[in-house]
Amino acid sequence: MGLTGLEIYKHLPKTNCKDCGSPTCLAFAMALASGKASLDACPHVTDEAKEALDSASAPPIKLVKVGTGDHVVELGEETEIFRHDKRFFHPTGVAVLISDTEDVAAKAEAFEGLEFHRVGMDFVTDMVAVQCDSGDAAKFKEAVETVAGKTEKAMVLITEDPAAMEAALEVVADRKPLVCAATADNFEKMTELAKGKECPLVVRGKDINETAELVGKVEGLGHKDLVLDSGARETSKVLADLTQFRRLAVKKKFRPFGYPAIAFTTKEDPREEVVQAGVYMSKYADVVVLKACEKQQLLPLLSWRLNLYTDPQKPIAVEAKLYDVGEPTDDSPVYLTTNFSLTYFIVEGEVESSRIPSRILSVDTGGVSVLTAYADNKFSAETITEAIKGCGLEDKVKHRKVVIPGHVAVLKGALEEESGWEVIVGPREASGITKFAKDNFA
Ligand code: SF4
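Predicted model, so just to flag it, every value in this text is computed and none were measured.

Parameters at a glance
Residues numbered from 1 in each chain as written. Predicted model: local features only at pLDDT ≥ 70, side-chain atom pairs only at ≥ 80, totals over all residues. Domains from an automatic or database assignment. Near = placed C-beta within 6 Å. Nonpolar A, V, L, I, M, F, W, Y, C, P; charged D, E, K, R; others polar. Helix = DSSP H or I, 4+ residues; strand = E, 2+ residues; numbered from the N terminus. Buried ≥ 20, exposed ≤ 12 C-beta atoms within 10 Å, placed from the backbone. Axes fitted to C-alpha atoms, helices over the stretch in contact; angles between N-to-C directions. Parallel < 35°, antiparallel > 145°, perpendicular 65-115°, else oblique. Left-handed = near helix turned anticlockwise from the far one by under 90°. Contact = placed C-beta atoms within 7 Å. Core = buried A, V, L, I, M, F, W, Y, C linked by C-beta atoms within 7 Å.

**Brief notes about the domain arrangement of the protein**
Inference 1: According to the domain assignment, the protein contains domain 1 (5-57), domain 2 (63-309) and domain 3 (322-441).
Inference 2: Centre-to-centre separation of domain 1 and domain 3, based on C-alpha positions: 47 Å.

Here it is, written out as structure tokens:
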């Protein structure tokens, strides 16, 4: 169990200098005890104190890495039960399952095509899991080799048979796959294999008590890159176990559960399977293994992951700059909006639908929407004028007209005065842009 805030406080300099961002050393100690601050934030702490505080400053859930190079998937290091308390850090790894009894090459190729571009972001399915259903070590090895030849993404190797795992690791150990799984029956050999190849290891009990016990045994053998699996497969039980892992690790600093967790879907219907995976992703799986391999099945899951793992205190923003829609000329209309990504992409979609080549100037409002930015003086005559001057618009169009959102029609006079540009008041809602464009610029 970690140190309390008062115990930590005894080791701090007690100067209340605020260099760590906390108002006092005591406030910093409390934040450290609850896992909401890192000891590195205090530049004045002594080496002796650092050593003493090491366990308190360690994240309640260890960081575990699967894969290599650009395809490393980082798991764990979470500090919260509820996302709104701070944020979740490392998005759940989504692993598509390939059985060694199916057409391995075909499914691996389909997996590689699972990439999406949406609202200016790339969504990827980042892990592939190969499972030994054949019971044949040679066949499993061949399947693993085939998948490894088709994708560089992080791998999960699933078999409780140490001989099959050893065979598979002969071909992909350098890819640092997640070895799944060590059980009460095989943990000595599985730990030896995973530790010897420096690969992370799933520890699978029959329930959470046996999982805690097994973690202790595997740690005793010297391996500490672990991932938890309570062994449950029924949705409500998995959810309860994942919640217990997270609560006991974060709230009680119960070290055997201070590792990321993995969950496996069981539903056969693809839609139900994606919902089940979404439940596990929400609370609190760090890896979800599922069979679904179709874009329409995975896109909702990846969109849900994006929502869960964005920082709730930080709006999602696009780069504040001048964007071309189509191939605009020096006569093309110019629309103004903010750099809140949702607003920008809605405006872009509507401008695109008008089929009139145009430009959109996204003004830096810190990623907030038009009305919020206006209320906070971030979408004002001054900031817009600065954006117009700074983006080179004057050299790209021969007219001097910009369209502002109808919601901020009140800016027209001040903006015309400040910028010297004619201001056209556009529709209040983005949905009106297509008609507005056709009426005014076609
Ligand atoms: S930086 Fe260190 S010494 Fe200064 S207030 Fe924070 S904890 Fe105290």
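**Notes on the site of the ligand**
Inference 1: Inspection of the region around the ligand gives 13 residues, with Cys 17, Asp 19, Cys 20, Cys 25 and Cys 42 positioned closest.
Inference 2: In terms of residue class, the shell around the ligand is built from 7 nonpolar, 4 polar and 2 charged.

**Points about unusual backbone geometry**
Inference 1: Looking along the chain, the bond that leaves Cys 180 and enters Ala 181 is cis, with omega of 20 degrees.
Inference 2: On the secondary structure map, Ala 181 appears in strand E8 (residues 178-182).
Inference 3: Here the amide bond leading from Lys 283 into Tyr 284 is cis, since omega sits at -20 degrees, within 30 degrees of zero.
Inference 4: Unlike most non-glycine residues, Asn 16 shows phi in positive territory, near 50 degrees.
Inference 5: Along the chain, Asn 16 turns up in the loop between helix H1 (5-9) and helix H2 (25-33).
Inference 6: Here Asn 16 falls in the partly exposed class, since 14 other C-beta atoms lie within 10 Å of it.
Inference 7: One non-glycine residue, Glu 77, lies in positive phi territory at about 60 degrees.
Inference 8: Residue placement: Glu 77 occurs in the loop between strand E2 (73-76) and strand E3 (93-99).

**Looking at the packing of helix H4 (residues 104-112) against helix H5 (residues 137-150)**
Inference 1: In contact at an axis separation of 9 Å, H4 and H5 are set at 30 degrees when each is read in the N-to-C sense. Taken together, the axes of H4 and H5 are roughly parallel relative to one another. The element H4 and its partner H5 pack so that their crossing is right-handed. For the pair formed by H4 and H5, the contact residues are Val 104, Ala 105, Ala 108, Glu 109 and Glu 112 on the first element and Ala 143, Thr 146, Val 147 and Lys 150 on the second.
Inference 2: Looking at the contact of H4 with H5 residue by residue, the class counts come to 5 nonpolar, 1 polar and 3 charged.

**Observations regarding the nonpolar core**
Inference 1: Formed by 82 residues in total, the largest nonpolar core has its most connected members in Ala 95, Val 128, Ala 129, Val 179, Val 227 and Val 288.
Inference 2: Once residues lying within four places of it in the same chain are set aside, the contact partners of Val 179 are Leu 157, Met 165, Met 190, Leu 193, Ala 194, Cys 199, Pro 200, Leu 201 and Val 202.
Inference 3: Core analysis: the next-biggest nonpolar cluster, separate from the first, contains 31 residues, Tyr 344, Ile 360, Val 403 and Ala 430 among them.

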